[in-house]
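Structural characterization, general
Each chain, written out:
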Amino acid sequence: MNTPWGYPDFDAHEALHFVTDEATGLRAIIAMHSTHLGPAAGGTRFWHYADDADALTDALRLSRGMSYKNAMAGLPLGGGKAVILADGNRTKTDAMVAAFGKAIDRLGGNYVTAEDVGMSVKDMMTIAGQTKYVAGLPVEGGAVGGDPGPHTSLGVFLGIKAAVKRALGKDSLSGLHLALQGAGSVAGGVARHAAAEGARLSIADVDATRAAALAAETGGTVVDPTDILGLEADVVSPCALGAILTEETIAALKAPIVAGGANNQLKTQEDGRRLQARGILYAPDYVINAGGIINVSTEYVRDGGPELVRQRIEAIPARLENIWAESAASGRDPAAVADAMAQQLIGRG
Ligand code: NAD
């Protein structure tokens, strides 16, 4: 990794923008990792960080992930990501979100945003009042747009099925035990698809009300968030926040498959090797969770309708298969294989 500014996660990012608007209390970072394939595209996260350095790390890592994700999904987009630094009460006002929209507009289309954790379709509408460089907007009459979450969930579900086929030789999730970390937008969709196919669900969220509601809806069982990764399950599906696969959590995993929608699941590259050494099949996060950005891209670039979105999402399992096959042939872990493929595509091979 290239770290000329001394930040461990700085990877030759093309630009970093620190945004302040005193009138509304807005503090944000817009990170543009690569515009090699098109405008730097990636959602905005609204989150309360322990300190500013954590926010910067998140923006740097997430934007690089978007470059890789967009390239691997074959989209005409580069990679970027924004984080808005929330206060301890997570106070978010329309004026603050509008000021953020103005900041995006000042970048002249080099950065395009959409929803991420903590940002809603309504927030995207507020941003759209200030700039045209935004997607994830509500649509009517079968057009492409809206919340990317359900599209991400579909891709993750199909990716889980591909992993189950490869690691367990099964064509269906029926009777299999899926441990879901998170009960939000992505996890909710994955849970509904998996329950409809007959999977048994364990669900954990730091927001106990959310976990209980999703469990009630899908016939699942609520599990303490500290236990979810180490459950005796067929699949562990991280669908909350990143950096949860570490030396400690990997040593405690009992499931043969890790496949979920959260971004940046591996704390370090070494953790990809640790999973491989334990014989656990890992679905690289930015490949399996590309469904949302596929929908965003199709909305923003306007190159097709819902049918094309579905076809592009249905291509995710084959992409994972390619990575796993290359991993088996080369002996490198799947995350390293995916990184090498993505770097080649963004001209940094
Ligand atoms: P969300 O805010 O709807 O849900 C996230 C949930 O995770 C929340 O309910 C939160 O309480 C819970 N959570 C946080 N920390 C937790 C912990 N330690 N243990 C258990 N639960 C915890 O967000 P989302 O849109 O579902 O996104 C989830 C993940 O998927 C994020 O990493 C996001 O970056 C990634 N992702 C989302 C999309 C999308 O389309 N929404 C696309 C690609 C990737």
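Reading the values: the criteria
Position labels on residues start from 1 in each chain and follow its written sequence. In keeping with the model being predicted, local features are shown solely for residues with a pLDDT of at least 70 and side-chain atom pairs are shown and tallied solely at 80 or more, while totals for entire chains, interfaces and linings include all residues. As a rule here, side-chain values come from all non-hydrogen atoms in the structure, and water together with hydrogens is ignored. Note on ring pairs: Phe, Tyr and Trp rings are taken, using the six-membered ring of Trp, and paired if centres are within 6.5 Å. Classes follow the plane angle, with under 30 degrees stacked, over 60 edge-to-face and the rest tilted. Helix numbers and strand numbers start at the N terminus; a helix is a DSSP run of H or I with at least 4 residues, a strand a run of E with at least 2. Only protein chains enter the accessibility calculation, which uses a 1.4 Å probe; a residue is then buried when its area is under 20% of its type maximum, exposed when over 50%, and partly exposed in between. The rule for a charge over a ring is simple: NZ of Lys or CZ of Arg within 6 Å of the ring centre, and within 35 degrees of the ring normal. Two strands qualify as a pair provided DSSP detects at least 2 bridges between them. Contacts were defined at the residue level, with two residues in contact if any of their heavy atoms lie within 4.5 Å. Angles here are taken between N-to-C directions and fall from 0 to 180 degrees, while the axes themselves are lines fitted to C-alpha atoms, restricted in helices to the stretch in contact. Each angle is binned into one of four classes, with values under 35 degrees roughly parallel, values over 145 roughly antiparallel, values of 65 to 115 roughly perpendicular, and all other values oblique. Ten residue types, Ala, Val, Leu, Ile, Met, Phe, Trp, Tyr, Cys and Pro, are classed as nonpolar, four, Asp, Glu, Lys and Arg, as charged, and the remainder, Gly among them, as polar. Proximity is defined per residue: if any heavy atom of the residue lies within 4 Å of a molecule or strand, that residue is considered near it. Nitrogen and oxygen atoms within 3.5 Å of one another constitute a polar contact, given that in protein one can donate a hydrogen and the other can accept it, and given that sequence-neighbouring residues count only through two side-chain atoms. In short, Shrake-Rupley with a 1.4 Å probe defines the accessible areas, and a residue's cover is counted only from the protein chains shown. For the purposes of this description, domain bounds are those given by an automatic or database domain assignment. Left-handed describes a crossing in which the near helix is turned anticlockwise from the far one by less than a right angle; the clockwise case is right-handed. When two parts are put together, the accessible area they lose, computed with a 1.4 Å probe and summed over both, is reported as buried area.

1. Looking at the packing of aromatic side chains
The way to describe two aromatic rings as a pair is by their centre distance and the angle between their planes. Scanning the model with the defined rule gives one aromatic pair in all. An angle of 65° between the planes, with centres 5.5 Å apart, marks the rings of Tyr68 and Tyr286 as edge-to-face. One end of the pair, Tyr68, is in helix H1 (residues 52-72); the other, Tyr286, is in helix H9 (residues 285-288), with 218 residues separating them in the sequence. The pair Tyr68 / Tyr286 is uniform in exposure class, with both members buried. The ring of Trp47 has Arg90 lying over it, and the distance from NZ or CZ to the ring centre is 4.5 Å.

2. Overview of the sheet that holds strand S7 (residues 177-181)
In space, the six strands of this open sheet follow the order S9-S8-S7-S10-S11-S12, with parallel pairing throughout. Looking at the sheet topology across the chains shown, the edges are occupied by strand S9 (221-222) and strand S12 (281-282). In the packing of helix H6 (residues 208-218) onto the sheet, the strands contacted are strand S8 (200-204) and S9, and the crossing angle to S8 comes to about 170°.

3. Concerning the packing of H1 against helix H13 (residues 334-345)
Running from amino to carboxyl end, H1 crosses H13 at an angle of 80°, the nearest separation of the two axes being 9 Å. Relative to H13, the element H1 lies roughly perpendicular. In this structure, H1 contributes Tyr68, Ala71 and Met72 to the contact, and H13 contributes Ala338, Asp339, Met341, Ala342, Gln343 and Leu345. Residues belonging to the contact of H1 with H13 are distributed by class as follows: seven nonpolar, one polar and one charged.

4. Points about the site of the ligand
If you check the shell around the ligand, you find 23 residues, and the closest are Arg45, Thr152, Asp205, Arg210 and Ala240. With respect to the ligand, the backbone of Ser185 contributes an N or O atom lying 2.9 Å from an oxygen atom. Within the side chain of Arg210, a nitrogen or oxygen atom sits 2.6 Å from an oxygen atom of the ligand. Coverage of the ligand by the protein chains reaches 86% of its 830 Å² of free accessible surface. The set of elements that each furnish at least two residues to the shell around the ligand consists of helix H4 (149-168) and helix H5 (185-196). The residue makeup of the shell around the ligand, split by class, is eight nonpolar, nine polar and six charged. Structurally, the shell around the ligand is a two-domain feature, drawing no fewer than three residues from each of domain 1 (4-66 + 77-128) and domain 2 (149-289 + 317-345).

5. Structural notes on the packing of H5 against H6
Running from N to C, H5 and H6 cross one another at 20°; their axes reach a closest spacing of 10 Å. The pairing of H5 with H6 is recorded here as roughly parallel in orientation. In this structure, the crossing between H5 and H6 has a hand that is right-handed. Contact residues: Ala187, Gly188, Ala191, Arg192 and Ala195 in H5; Leu214, Glu217 and Thr218 in H6. By residue class, the composition of the contact of H5 with H6 is four nonpolar, two polar and two charged.

6. Describing the domain arrangement of the chain
Partitioning the chain into structural domains gives domain 1 (4-66 + 77-128) and domain 2 (149-289 + 317-345). A straight line from the C-alpha centre of domain 1 to that of domain 2 covers 26 Å. Counting residues at the interface gives 10 residues for domain 1, matched by seven residues for domain 2. When the two sides are added together, the surface that domain 1 and domain 2 hide from each other amounts to roughly 660 Å², 47% of it contributed by carbon and sulfur. When contributions to the side of domain 1 that touches domain 2 are tallied by element, the ones reaching two or more residues are strand S4 (44-47) and H1. Here the element with the most residues in the side of domain 1 that touches domain 2 is H1; it accounts for three residues.

7. Overview of the environment of Asp54
Mapped onto the elements of the fold, Asp54 is located in helix H1. Note on Asp54: relative accessible area 38%, which makes it partly exposed. Note: C-alpha distance between Asp54 and Trp324 (270 residues apart in sequence) is 32 Å.

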